[in-house]
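Chain and residue survey
Single-letter residue listing:
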Amino acid sequence: MRIGIGYDVHAFGEKRPLKLGGVQVEHEEGLRGHSDADVVLHAITDALLGAAGLGDIGQHFPPDDPSFRDADSLALLRQVVGLLQTAGYSVVNVDVTVVAERPKLQPYIPSMRQRIAIALGIPETSVSVKATTSEGLGALGRGEGIAALATALIK
Ligand SMILES: [Zn+2]
């Protein structure tokens with residue numbers, strides 16, 4: 001058994017769909033960043049890579065590589081699950097905390113868990129997604145962006 005941690009943050013400020021956990025969330029603006037800026041999936045991807053000792057997301061999918069522009073982060077996550085399988089690992093469970101002042105994420109959590117579980121090839125009961133706020137403190141508290149923390153257990 002091995003455990004990994006992942007953290008990611010993206011700032012708001014782009015007229016693009018807000019993608020979180022592989023789900024399109026209703027909001028007036030999207031997050032800036034490489035690929036589709038899905039902060040939830042990026043944190044999970046980094047947790048899995050960390051658990052396997054396989055580096056980090058930026059190493060595998062460099063942000064300055066134009067081929068990852070607007071890339072579907074679910075596809076990147078599936079690629080990383082493939083890397084883990086090649087290295088002899090399978091995913092046991094993942095747990096994510098999303099820090100977002102807005103929008104309200106509760107209604108989207110069941111679909112996020114479903115999408116993530118399919119990408120990881122594990123039951124939905126092994127995927128936990130929790131949403132919290134920053135209680136108005138700091139940049140996240142002012143709603144300037146969204147952060148996500150993830151842990152992953154692999155065997
Ligand atoms: Zn990211």
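Just above sits the structure.
Small disclaimer: the values here were computed from a predicted structure and weren't measured. (Residues numbered from 1 in each chain as written. Predicted model: local features only at pLDDT ≥ 70, side-chain atom pairs only at ≥ 80, totals over all residues. Heavy atoms only, no water.)

This brings us to unusual backbone geometry. The peptide bond linking arginine 102 to proline 103 adopts the cis configuration, its omega dihedral lying at -5°. One can find proline 103 in the loop between strand E5 (91–99) and helix H4 (109–120). Phi is positive for alanine 37, which is not a glycine, with a value near 60°. On the secondary structure map, alanine 37 appears in the loop between strand E4 (30–31) and helix H1 (39–52). Despite not being glycine, aspartate 70 shows a phi value in the positive range, around 60°. With respect to the secondary-structure elements, aspartate 70 resides in the loop between helix H2 (57–60) and helix H3 (73–86). Owing to a relative accessible area of 53%, aspartate 70 belongs among the exposed residues under this scheme. (Helix = DSSP H or I, 4+ residues; strand = E, 2+ residues; numbered from the N terminus. Buried < 20%, exposed > 50% of the residue type's maximum accessible area, 1.4 Å probe, protein only.)

Around the zinc ion, the protein supplies Asp8 (OD), His10 (NE2) and His42 (ND1) as donor atoms, at distances of 2.0 to 2.1 Å. Considered as a linear motif, the donors of the zinc ion on their single chain read D-x1-H-x31-H. In this pair, histidine 10 is assigned in strand E1 (residues 2–14) and histidine 42 in helix H1, connecting sequence segments 32 residues apart. Taking the relative accessible area as the measure of exposure, histidine 42 reaches 3% and is therefore buried. (Donors = N, O, S within 2.8 Å, 3.2 Å for Na, K, Ca; no water.)

Take the packing of H1 against H3 next. Following both chains from N to C, one finds H1 and H3 inclined at 10°, their axes separated by 10 Å at the closest point. Comparing their axes, H3 and H1 come out roughly parallel. Counting all contacts with H1, which are made through Leu41, His42, Ile44, Thr45, Leu48, Leu49 and Ala52, the residues of H3 involved are Ser73, Leu74, Leu77, Val80, Val81, Leu83 and Leu84. (Axes fitted to C-alpha atoms, helices over the stretch in contact; angles between N-to-C directions. Parallel < 35°, antiparallel > 145°, perpendicular 65-115°, else oblique. Contact = heavy atoms within 4.5 Å.)

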